[in-house]
Amino acid sequence: MTAKRSLDSFFSSQGQGSSDHSAKDERSTDARKRPGSAKVVGARITQPNAASSVQSQWMPADERRQLELALKLSLGSVEASGVIKEELPPPSASVRERQRIPEELVSLSKPSATIAPSILTKALTAEESPSGKPSSDDSESKVAALQDPQPQAPPKRSLAPMFSSLPHSSKAAQGPQPTFDDTDFAPTDKVQVLNRFSGSLDCLFYPSWISSVPARKGLRDWMLSSLQWHRVCYTRPGTTFKINTPRFTTTFGMLTGPQAPPLTSYKIRPKEIPGPLRELKERIEAMQSTGGVDVTYNAAIVNFYATGEDSISYHADDEAFLGPEPNIASLSLGATRDFYLRRKQPEGVPVAPATSPSGSKGVGSAKDRPMEKLQLSEGALLIMRGKTQAEWEHSIPKRKGVKEGRINITFRKAIDRKAIDNFTRYNRGDGGGYRWNGSRMVEGTGGI
Ligand SMILES: O=C(O)CCC(=O)C(=O)O
Ligand SMILES: [Fe+2]
């Protein structure tokens, strides 16, 4: 990936399937219809084929031993060994499924082993304490959030190799600000309902909500080139753990209305939701209002996954500061990526309410827990609501085969200032920023 690419070619695979594995073949056909609603999507997988499980994180035995040792030293053996066991695939896992262990994501001081981020994240979050600060939706950041770290500029090696030898530039081409009209959107009945276990999982999925190709392109080009991006990195105080968020991020929004706190009360000054995103937010709100659901989002978190090596590990957006049944609208642009949902408990086992302000994680072996797999392609809108965050986790797994970028915008409703502080801190931080220079991300500032 050396040649410079235009925005067009950067996103050239949008709309096409991007998975480099056979997980989609595991979809079963037991999708069920909910009375009075549109098609049910997704697939229930209670016994995934372990040999072809894309979640498997392969690790050589010696590295595994080093990791176990490191985790025992820092976390205590019980949680650590449980987590490791859960993530290791059986010996039959094929070489194709082996994941490169991304050194830029997590580093341990001693021993020098590097480990797959989801494993470490799980291990670390296993010891989250109820007294921890509310953490962001990003589970890498959740770990750091507990310790109240100071965000730091990411080390250069946190970048994907394709970005490593770039000139620094703060200049970025800013395309025209997009506007939309009704013809850019699919009819509202083009929705699929994803409902499992009587509302344990409760999502609406519009596979092509922004149906106009030029509208999608205008939005993604404008976002990529106009926003101020961050690659947030934290060192866990008292340790040498580095948690590098494996994607570019930014965030917008603040509390509004007569009771809204003054701007000066925020730890990092929040930014207003820019016009095009505000328009989309209002359209999503209006669409739900027509269906009898009253929701007003006041924040947007934006993720840019530069390649398939960028990801977000399993987490739930279930922090106390989002309220008990948060409604989160997630809009995708660019490359198609797999989106996995996994119940926090096996079928039939109730999920205990979170006791921590920073929410709760899944319990026990993932193979015993129901799962859903979606593909989010350009224009897709997924609304997660009801008990979804309380009872399920979700992720965008790494995909070596994906070379193109993907933008995701999640609209949320923060119920207090802490939520906004958390979003800005763990998705903007105060370290170095990045700009899109027309063909790649480079260090720079000055974006929206
Ligand atoms: O990129 C996505 O589709 C998911 C993002 C997400 O889960 C989050 O920002 O909390
Ligand atoms: Fe999320």
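Chains are numbered independently. Their residues run from 1 in the order of the written sequence. Each chain is given a letter, starting from A, and each ligand a number, starting from 1, according to the order in which they appear as written. With the structure being a predicted model, the display of local features is reserved for residues of pLDDT at least 70 and the display and counting of side-chain atom pairs for 80 or more, all residues being used for whole-chain, interface and lining totals. Hydrogens and water are ignored here; the side-chain numbers use all heavy atoms of the structure.

*Asks:* What's the story with the pattern of salt bridges in this structure? I'm lost.
*Replies:* Where side chains of opposite charge bring their charged atoms close, a pairing between them can arise. Should a side-chain nitrogen of Lys or Arg be within 4 Å of a carboxyl oxygen of Asp or Glu, the pair is scored as a salt bridge. If you walk through the whole model with that rule in mind, you get 18 salt bridges. The closest approach of N and O atoms between arginine 220 and aspartate 221, which form a salt bridge, is 3.9 Å. Using a 1.4 Å probe on the protein chains alone, a residue whose accessible area is under 20% of its type maximum counts as buried, one over 50% counts as exposed, and one in between counts as partly exposed. When its relative accessible area of 12% is taken as the criterion, aspartate 221 is described as buried. Residue aspartate 368 is joined to lysine 367 by a salt bridge in which the shortest nitrogen-to-oxygen separation is 3.7 Å. Judged by its relative accessible area of 49%, lysine 367 falls in the partly exposed class. Where salt bridges share partners, they join Arg216, Lys217, Arg220, Asp221 and Glu378 into one cluster.

*Asks:* Teacher, can you tell me more about the coordination of the iron ion (ligand 2) here?
*Replies:* Angles between donor atoms at a metal ideally measure 109.5 degrees for a four-coordinate tetrahedral arrangement and either 90 or 180 degrees for a six-coordinate octahedral one. Only nitrogen, oxygen and sulfur atoms within 2.8 Å of the metal, or 3.2 Å for Na, K and Ca, are treated as donors, and water is left out, so sites may look incomplete. The protein atoms that coordinate the iron ion (ligand 2) are His315 (NE2), Asp317 (OD) and His394 (NE2), at distances of 2.1 to 2.2 Å. Along the chain, the residues donating to the iron ion (ligand 2) fall in the pattern H-x1-D-x76-H. On the criterion of sequence distance, the pair formed by histidine 315 in strand β9 (residues 312–315) and histidine 394 in strand β14 (residues 392–396) is long-range, its members being 79 residues apart. Both residues of the pair, histidine 315 and histidine 394, belong to the buried class. Strands are runs of DSSP state E lasting at least 2 residues, helices are runs of H or I lasting at least 4, and numbering of each runs from the N terminus.

*Asks:* What is the right way to look at the packing of aromatic side chains in this model?
*Replies:* How two aromatic rings sit relative to each other is set out by the distance from centre to centre and by the angle between their planes. Each aromatic pair joins two rings of Phe, Tyr and Trp (for Trp, the six-membered one) with centres within 6.5 Å, and gets the label stacked for planes under 30 degrees apart, edge-to-face for over 60, and tilted for any other angle. This structure, assessed with the given rule, holds 9 aromatic pairs. Centroid distance tryptophan 229 to phenylalanine 304: 5.7 Å. Interplanar angle 45 degrees. Geometry classified as tilted. Taken together, the positions of tryptophan 229 in strand β4 (residues 229–230) and phenylalanine 304 in strand β8 (residues 299–305) put the pair 75 residues apart, joining distant regions of the chain. One exposure class covers both tryptophan 229 and phenylalanine 304, and it is buried.

*Asks:* Which parts of the structure should I look at to understand the sheet that holds strand β12 (residues 371–376)?
*Replies:* Strand pairing in a sheet takes place through backbone hydrogen bonds and is either antiparallel or parallel in direction. Between any two strands, pairing holds if DSSP finds at least two bridges. Strand order across the open sheet formed by 4 strands is β9-β14-β11-β12, with antiparallel pairing between neighbours. Only two strands of the sheet have a single neighbouring strand rather than two, namely β9 and β12. Strand after strand, the sheet turns through a mean of 15 degrees between neighbouring axes, direction not considered. Bridge count for β9 against β14 is 2 bridges, and the pairing is antiparallel. Bridge pairing links histidine 315 to histidine 394 in β14. Orientation is described by lines fitted to C-alpha atoms, with helices fitted over the stretch in contact, and by angles between N-to-C directions that extend from 0 to 180 degrees.

*Asks:* What's the story with the packing of helix α6 (residues 213–226) against helix α7 (residues 275–290) in this structure? I'm lost.
*Replies:* For any two helices packed against each other, one specifies the inter-axial angle together with the distance between the axes. α7 packs onto α6 with a crossing angle of 135 degrees between their chain directions and a minimal axis gap of 11 Å. Put simply, α6 runs oblique to α7. In this structure, α6 contributes Leu219, Trp222 and Met223 to the contact, and α7 contributes Pro276, Leu277 and Leu280. Lys, Arg, Asp and Glu make up the charged group, whereas Ala, Val, Leu, Ile, Met, Phe, Trp, Tyr, Cys and Pro make up the nonpolar group; the residues left over, Gly among them, are polar. Taken together, the residues of the contact of α6 with α7 break down into 6 nonpolar, no polar and no charged. Oblique is the label for every angle not falling under 35 degrees (roughly parallel), over 145 degrees (roughly antiparallel), or within 65 to 115 degrees (roughly perpendicular). Between two residues, a contact is recorded if the distance between any of their heavy atoms is within 4.5 Å.

*Asks:* Quick question: what am I supposed to make of the side chain of asparagine 195 here?
*Replies:* Tracing the backbone through its elements, the reader meets asparagine 195 in strand β2 (residues 192–196). Its relative accessible area of 17% is what places asparagine 195 among the buried residues. Here a polar contact means two N or O atoms within 3.5 Å. Within protein one must be a hydrogen donor candidate and the other an acceptor candidate, and residues neighboring in sequence count only if both atoms are side-chain atoms. One polar contact links the side chain of asparagine 195 to the main-chain amide nitrogen of glycine 199, over a distance of 3.1 Å.

*Asks:* Just checking my understanding: could you explain the UniProt feature "binding site: 2-oxoglutarate" (unreviewed entry) in the protein chain for this structure?
*Replies:* UniProt annotation of "binding site: 2-oxoglutarate" (unreviewed entry) refers to Asn303, Tyr305, His315, His394, Arg406, Thr410 and Arg412 when read in the numbering used here. Within the element layout of this structure, arginine 406 appears in strand β15 (residues 406–412). A relative accessible area of 1% means that arginine 406 is categorised as buried. Inspection of the secondary structure assignment puts threonine 410 in strand β15. UniProt positions are given in the numbering used here, feature names are shortened, and annotations may be inferred rather than shown by experiment.

*Asks:* How do you make sense of unusual backbone geometry when you look at a structure like this?
*Replies:* Note on backbone geometry: most residues besides glycine have negative phi, and most peptide bonds are trans. Positive phi, close to 50 degrees, is recorded for phenylalanine 197, a residue that is not glycine. Of note, phenylalanine 197 is situated in the loop between β2 and β3 (201–206). Although it is not a glycine, serine 198 adopts a positive phi angle of roughly 50 degrees. Note on placement: serine 198 falls in the loop between β2 and β3. Judged by relative accessible area, serine 198 falls into the exposed class, the value being 73%.

*Asks:* So what exactly am I meant to see when it comes to helix α9 (residues 417–427) here?
*Replies:* Burial of α9 is extensive: 9 of the 11 residues sit out of reach of the surface. Every buried residue of α9 is listed here: Ala419, Ile420, Asp421, Asn422, Phe423, Thr424, Arg425, Tyr426 and Asn427. With a side-chain oxygen lying 3.2 Å from the backbone nitrogen of lysine 418, the N-terminal cap of α9 falls on aspartate 416. A positive backbone phi angle near 55 degrees is found at glycine 429, which sits one or two residues after α9.

*Asks:* Would you explain the environment of proline 324 in this entry?
*Replies:* Within the fold, proline 324 resides in the loop between β9 and β10 (328–334). Proline 324 sits in the exposed class, given a relative accessible area of 77%. The spatial distance from the C-alpha of proline 324 to the C-alpha of glutamine 389 is 8.9 Å, given a sequence separation of 65 residues.

*Asks:* Just to check I follow, could you spell out the environment of arginine 417 for this structure?
*Replies:* Tracing the sequence through the fold places arginine 417 in helix α9. Residues arginine 417 and lysine 267 lie 150 residues apart in sequence; the distance between their C-alpha atoms is 9.4 Å. When residues no more than four places from it in sequence are discounted, the contact partners of arginine 417 are Leu255, Pro261, Ser265 and Tyr266. For arginine 417, the side chain forms a polar contact with the main-chain oxygen of serine 265, separated by 3.4 Å. A polar contact of 2.3 Å, which involves the side chain of arginine 417, links it to the side chain of aspartate 421.

*Asks:* I tried to follow α6 on my own but got confused; where do I start?
*Replies:* Every α-helix carries 3.6 residues per turn, so stepping three or four residues along brings you back to the same face. Take the residue count of a helix, subtract one, and multiply by 1.5 Å to get its expected span. A rise of 1.5 Å per residue sets the reference length of α6, with its 14 residues, at 20 Å; its end C-alpha atoms lie 20 Å apart and thus fit the reference within 8%. Of all 14 residues in α6, 10 are buried, a share of seventy percent or more. Those residues of α6 lying buried are Ala215, Arg216, Leu219, Arg220, Asp221, Trp222, Met223, Leu224, Ser225 and Ser226. The distance from a side-chain oxygen at the start of α6 to the backbone nitrogen of alanine 215 is 3.0 Å, and the residue carrying that oxygen is serine 212.

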